[in-house]
Amino acid sequence: DVDAGQGELLVRGPSVFKGYWRRPEATESAFDSGWFLTGDRAERDATGAVRLLGRTSVDILKSGGEKLSALEIEETLREHAAVREVAVVGLPDETWGQRVVAVIVPEPGREAELTTEALRAWSKERMAPYKAPREVILLPALPRNALGKVVKPELIASLEART
């Protein structure tokens, strides 16, 4: 039980698995005092409602010594009228550690509005300049799992394979 705020979602109960098959180290690091660490970021509001925000491991980017929330950047980019869907990821960068990359499914016919330069300028009016995407990639769809969640590790792997 926690008050309103954000954090990692932990679960326990009779339906939660007991551990990883023949991987005691992984099991030990996946549990804390009997609670399973899901790796999902969640937010509880003042009414007690819980909203899933995304995965902790792929949603925190480290660029230029700053820790950035991919979820926060995505939320801002969704305000752009030409953006239908967006996933923000960090790709390896020699200078910055990770560079902020916005992978966007554009609204039909509005692709020209989403050049890297145009979106960076738009973003800098709404967020700190160091959070603005350094690269914009347009795709017809984002990879999703059976539950409809964007699979960022798969997206990152496909982007890294392109370079």
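Provided above is the structure to which this section pertains.
Residues numbered from 1 in each chain as written. Predicted model: local features only at pLDDT ≥ 70, side-chain atom pairs only at ≥ 80, totals over all residues. Heavy atoms only, no water.

Trainee: What's the story with the packing of aromatic side chains in this structure? I'm lost.
Mentor: Two aromatic rings, taken as a pair, are described by how far apart their centres are and by the angle between their planes. Per the stated rule, a full pass over the model turns up four aromatic pairs. Between Phe17 and Tyr20 the ring centres are 5.2 Å apart and the planes differ by 70 degrees, which places this aromatic pair in the edge-to-face class. Given the relative accessible area of 33%, Phe17 is considered partly exposed. When its relative accessible area of 34% is taken as the criterion, Tyr20 is described as partly exposed. Here Phe31 and Phe36 contribute two aromatic rings whose centre-to-centre distance is 5.4 Å and whose plane-to-plane angle is 55 degrees, an arrangement assigned as tilted. On the basis of relative accessible area, Phe36 is assigned to the buried category, the value being 15%. What links up through ring pairs into an aromatic cluster is the set Phe17, Tyr20, Phe31 and Phe36. Against the face of Tyr20 rests Arg23, its NZ or CZ located 5.1 Å from the ring centre. (Phe/Tyr/Trp six-rings, centres within 6.5 Å; stacked < 30°, edge-to-face > 60°. Buried < 20%, exposed > 50% of the residue type's maximum accessible area, 1.4 Å probe, protein only. Lys NZ or Arg CZ within 6 Å of the ring centre and 35° of its normal.)

Trainee: How do you make sense of the environment of Val86 when you look at a structure like this?
Mentor: Structurally, Val86 is set in strand β7 (residues 83-93). As for Val86 and Ala141, which are separated by 55 residues in sequence, their C-alpha atoms are 9.5 Å apart. The contact partners of Val86, leaving out residues within four places of it in the chain, are Glu74, Leu77, Arg78, Ala102, Val103, Ile104 and Leu142. (Helix = DSSP H or I, 4+ residues; strand = E, 2+ residues; numbered from the N terminus. Contact = heavy atoms within 4.5 Å.)

Trainee: Would you mind showing me how to read helix α4 (residues 116-124) here?
Mentor: Given 3.6 residues per helical turn, the α-helix brings residues three or four places apart onto the same face. Among all positions of α4, only Thr116, Leu119, Arg120, Trp122 and Ser123 are buried. Angular distribution of buried residues about the axis of α4 spans 165 degrees; they occupy a single face of the element. (Arc of directions from axis to C-beta.)

Trainee: How should the nonpolar core be read in this particular structure?
Mentor: One broad rule of soluble globular proteins: the nonpolar side chains tend to lie buried together. Counting residues in each nonpolar core, the largest one holds 17 residues, and the members touching the most others are Ile73, Leu77, Val86, Val88, Ile104 and Leu119. Residue assignment for this core shows that the elements contributing at least two residues are α3 (70-77), β7, β8 (97-106) and α4. Beyond its immediate stretch of four places on either side in the chain, Leu119 contacts Leu77, His80, Ile104, Leu114 and Val136. Residues Val89, Leu91, Ile156 and Leu159 belong to the second largest nonpolar core, which totals 11 residues. (Core = buried A, V, L, I, M, F, W, Y, C linked by side-chain atoms within 4.5 Å.)

Trainee: Mind showing me how you'd approach helix α5 (residues 152-162) here?
Mentor: Of all the residues in α5, the buried ones are Lys152, Leu155, Ile156 and Leu159. Considered in projection along α5, the buried side chains sweep an arc of 100 degrees and stay on one side of the axis. Seen from the open side of α5, the exposed residues pointing more than 90 degrees away from its buried face are Pro153 and Ala161.

Trainee: What is the right way to read the sheet that holds β7 from this model?
Mentor: Sheet strands line up and pair through hydrogen bonds in the backbone, either parallel or antiparallel. With mixed pairing, the three strands of this open sheet are ordered in space as β7-β8-β9. Lying at the two open borders of the sheet, with one neighbouring strand each, are β7 and β9 (135-138). The mean inter-strand angle of the sheet, taken between neighbouring strand axes irrespective of direction, is 25 degrees. Strand direction decides the pairing type here: β7 and β8, joined by 10 bridges, are antiparallel. Bridge pairing links Val89 to Val101 in β8. This element, α3, spans β7 and β8 of the sheet and lies at about 145 degrees to β7. (Pairing = 2+ DSSP bridges. Axes fitted to C-alpha atoms, helices over the stretch in contact; angles between N-to-C directions.)

Trainee: Can you walk me through the side chain of Glu74 in this structure?
Mentor: Within the element layout of this structure, Glu74 appears in helix α3. Judged by relative accessible area, which is 5%, Glu74 ranks as buried. A distance of 2.6 Å separates a polar atom in the side chain of Glu74 from a polar atom in the side chain of Lys152. The contacts of Glu74, once residues within four sequence positions are left out, are Val86, Ala87, Val88 and Lys152. (Polar contact = N/O pair within 3.5 Å; in protein donor to acceptor, adjacent residues only side chain to side chain.)

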